[in-house]
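Chain by chain, the residues:
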Amino acid sequence: LCAAQPGQRAASLRRQSALTARFFPMSSDCLDDYHAAPPSPLLALVGMPHLHGALQAAAAAAEPKPRVLSFASDGAYVEAQPVPSGEAANLVLKPGWLHKHTHCIAGAAALLASWDDSTSATGVAAQIGAIRNASGRSRLLLVLVQASGEASPAPPSEERIAALRRACDLEPRSLLVVSADGPPPSLDAASLARGVKVLLEAAAAYYRDEARRARPPKATAPQLAARHHTKRAVFAELSHEPVLAQRHWQLAAEQLRELVRLAAGSGAEADVASSVPLHEVKRVAELAVRRICAYGMTAPQGAAAASRHAEVFDVFRRHVRLFQPLAQQPPPVDARGAAAAGHVHSGWMGKQHRWFAKLLEESDAPAVAAAAAGGGSAAEGSAHFAEPGFYYQAAASCALQRRRFAEVLS
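All of the points below concern the structure found in this document. (Residues numbered from 1 in each chain as written. Predicted model: local features only at pLDDT ≥ 70, side-chain atom pairs only at ≥ 80, totals over all residues. Heavy atoms only, no water.)

1. Let's talk about the overall build of the chain
The secondary structure content of the chain amounts to 16 helices and 6 strands. Here the chain holds 410 residues, and the buried ones make up 46% of them. Considering only residue pairs separated by 6 or more positions, the chain has 76% of its internal contacts joining residues 24 or more positions apart. If you sum the accessible surface of the chain, you get close to 20200 Å²; carbon and sulfur atoms cover 56% of it. (Helix = DSSP H or I, 4+ residues; strand = E, 2+ residues; numbered from the N terminus. Buried < 20%, exposed > 50% of the residue type's maximum accessible area, 1.4 Å probe, protein only. Contact = heavy atoms within 4.5 Å. Areas by Shrake-Rupley, 256 points an atom, 1.4 Å probe, with all protein chains shown as cover.)

2. So, the pattern of salt bridges
In the structure shown here, the tally under the stated rule is 13 salt bridges. A salt bridge links Glu201 to Lys197, with the shortest nitrogen-to-oxygen separation between them at 2.7 Å. In this pair, Glu201 and Lys197 are both assigned in helix α8 (residues 189-213), 4 residues apart and thus about one turn of the helix distant. Salt-bridge contacts for Arg283 lead to Glu280; the nearest nitrogen and oxygen are separated by 2.6 Å. With a gap of 3 residues between them, Arg283 and Glu280 both fall in helix α12 (residues 278-296), about one helical turn apart. Residue Arg283 is classed as buried on the basis of its relative accessible area of 11%. Since its relative accessible area comes to 1%, Glu280 is described here as buried. Linked by salt bridges that have partners in common, Asp32, Glu286, Arg290 and Lys351 make up one network. (Salt bridge = Lys/Arg side-chain N within 4 Å of Asp/Glu carboxyl O.)

3. A few points about unusual backbone geometry
With omega at 0 degrees, the peptide bond leading from Glu63 into Pro64 counts as cis. Structurally, Pro64 is set in the loop between α3 (52-60) and β2 (67-71). Despite not being glycine, Met48 has its phi angle at roughly 45 degrees, a positive value. Relative to the assigned elements, Met48 resides in the loop between β1 (42-46) and α3. For Met48, a relative accessible area of 15% puts it in the buried group.

4. What about the pairing of β1?
For β1, the tally of buried residues reaches 5 of 5 residues, placing the bulk of the element in the interior. On β1, burial covers both faces: Leu42, Ala44 and Val46 on one face and Leu43 and Leu45 on the other are all buried. Here β1 pairs with β2 via 5 bridges, running parallel. Bridge assignment links Leu42 to a residue of β2, and that residue is Arg67. Handedness of the crossover joining β1 and β2 through α3 is recorded here as right-handed. Across 4 bridges, β1 lies against strand β3 (residues 108-115) in parallel orientation. (Pairing = 2+ DSSP bridges. Right-handed = clockwise from strand over helix to strand, strands pointing away.)

5. Section: the packing of α8 against helix α9 (residues 222-238)
One can describe the packing of α8 onto α9 by two numbers: an axis separation of 8 Å at closest approach and a directional angle of 165 degrees. When the axis of α8 is compared with that of α9, the two are roughly antiparallel. Crossing hand, α8 versus α9: left-handed. Residues Tyr207, Glu210 and Ala211 of α8 lie in contact with α9, whose contacting residues are Arg232, Phe235 and Leu238. (Axes fitted to C-alpha atoms, helices over the stretch in contact; angles between N-to-C directions. Parallel < 35°, antiparallel > 145°, perpendicular 65-115°, else oblique. Left-handed = near helix turned anticlockwise from the far one by under 90°.)

6. As for the packing of helix α6 (residues 121-135) against helix α7 (residues 158-168)
With their axes 8 Å apart at the nearest point, α6 and α7 run at an angle of 35 degrees to one another. For the pair α6 and α7, the crossing hand works out as right-handed. Listed contacts from α7 to Ala121, Val124, Ala125, Ile128 and Arg132 of α6 are Leu164, Ala167 and Cys168. Taken together, the residues of the contact of α6 with α7 break down into 7 nonpolar, no polar and 1 charged. (Nonpolar A, V, L, I, M, F, W, Y, C, P; charged D, E, K, R; others polar.)

7. A word on the side chain of Glu237
With respect to the element layout, Glu237 can be found in helix α9. Take Glu237: its relative accessible area is 12%, and that puts it in the buried class. In this view, Glu237 contacts Tyr34, Pro39, Ala245, Trp249 and Arg291; residues no more than four positions away in its chain are not counted.

8. Overview of the packing of aromatic side chains
Under the counting rule described, the total for this entry stands at 12 aromatic pairs. Relative to Phe235, the ring of Trp97 lies with its centre 5.5 Å away and its plane at 75 degrees, an arrangement referred to as edge-to-face. Highlighted residues: Trp97 in helix α5 (residues 97-104) and Phe235 in helix α9, separated in sequence by 138 residues. Overall, Phe235 belongs to the buried group, its relative accessible area being 3%. When the centroid spacing of 5.8 Å and the interplanar angle of 80 degrees are considered together, the rings of Phe316 and Tyr391 count as edge-to-face. Here Phe316 is found in helix α13 (residues 303-323), whereas its partner Tyr391 is found in helix α16 (residues 388-409), with 75 residues between them in sequence. Of the two residues examined, Phe316 and Tyr391, each falls in the buried class. Here the aromatic residues Phe313, Phe316, Trp355, Phe356, Phe390 and Tyr391 are joined through ring pairs into a cluster of three or more. Above the ring of Trp348, the side-chain terminus of Lys282 is found at 5.3 Å from the ring centroid. Here Arg308 stacks its cationic end above the ring of Tyr295, 4.4 Å away from the centre of that ring. (Phe/Tyr/Trp six-rings, centres within 6.5 Å; stacked < 30°, edge-to-face > 60°. Lys NZ or Arg CZ within 6 Å of the ring centre and 35° of its normal.)

Now the structure itself:
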């Protein structure tokens with residue numbers, strides 16, 4: 001490829017990409033962004049955008065640290081909501097599901113509305129209704145912002161508050177009245193902390209409710225069971241329940257291994273398992289194994305840490321051994337198809353070794369080295385398994401293999 005003329009090389013790359021896409025229509029729904037930062041609850045602020053900056057700054061100092069979406073009006077919020085996707089029985093995870101729940105659908109949304117004697121309860125209720133219809137089961141919070149100072153109106157009466165709450169169909173804890181200094185209006189620290197705290201609690205309750213709604217599938221298909229546990233794991237992470245999330249990630253990985261085992265067999269179960277694209281199994285298996293390994297490497301010092309670190313190495317080795325021979329199922333019938341399958345598969349295997357190497361670089365080296373040696377000393381000859389360089393070298397070997405497949409396709 002390097003010795004070819006620019007025009008010839010570009011044409012060769014186009015042919016290679018077309019053939020690779022033909023054999024491996026890899027999903028554009030990439031899951032890598034989920035690992036870039038700790039899973040965080042998603043909040044939405046609607047209305048009075050001049051107050052959003054202070055609320056976002058307060059949220060950044062909270063624990064867990066949420067993602068915050070900002071919308072100038074309820075109309076902008078409605079337009080931003082994703083369209084529900086259809087059923088996809090032959091996929092482990094529906095396209096866009098993870099992105100939807102981490103970047104689009106807020107666990108809790110707060111409508112900020114100015115409060116004075118002229119505030120119309122009907123208008124505020126209409127805004128709440130529009131947000132509720134667009135966001136489905138997301139928790140809603142109404143924040144009434146009242147100006148403070150000598151010229152400010154009297155605090156709202158309990159009768160007006162109760163009437164507004166009934167018109168909006170909100171629980172008492174879902175309506176806050178805060179004071180804003182100005183001009184320009186700004187919220188004090190106590191009001192900011194209170195608003196963020198209530199939003200985070202509402203978002204956690206939403207994610208726990210969504211986890212309970214994700215009931216086990218009636219069918220015994222492993223891909224549906226893996227989907228169920230993946231959803232439960234994600235919602236548990238978003239509600240800041242890492243132990244529960246880890247259990248569901250492990251169950252999801254087990255179901256995916258069972259799916260691969262069934263696909264390699266024969267009979268009706270094999271036909272159903274084979275209907276799930278292999279690249280779909282790989283991408284969700286990578287998600288589950290990465291979450292298991294990341295959690296295992298965060299163990300505190302002591303005997304528990306050594307045990308969890310050893311489990312991380314075992315999980316990764318099983319992951320690599322399971323998928324190493326699975327370039328495509330069933331195998332391609334011609335040489336170019338086999339090269340296209342090998343080209344994509346080598347790239348994916350190299351990616352597995354790279355993320356594991358980076359995980360080791362960020363971990364506690366002595367404890368990890370002992371775990372890699374099976375609890376023994378480095379002198380036993382297994383300490384190199386704890387070295388990031390070992391996995392970077394494996395990734396480099398995959399890259400060389402991928403280059404050889406590319407030369408066949410050129």
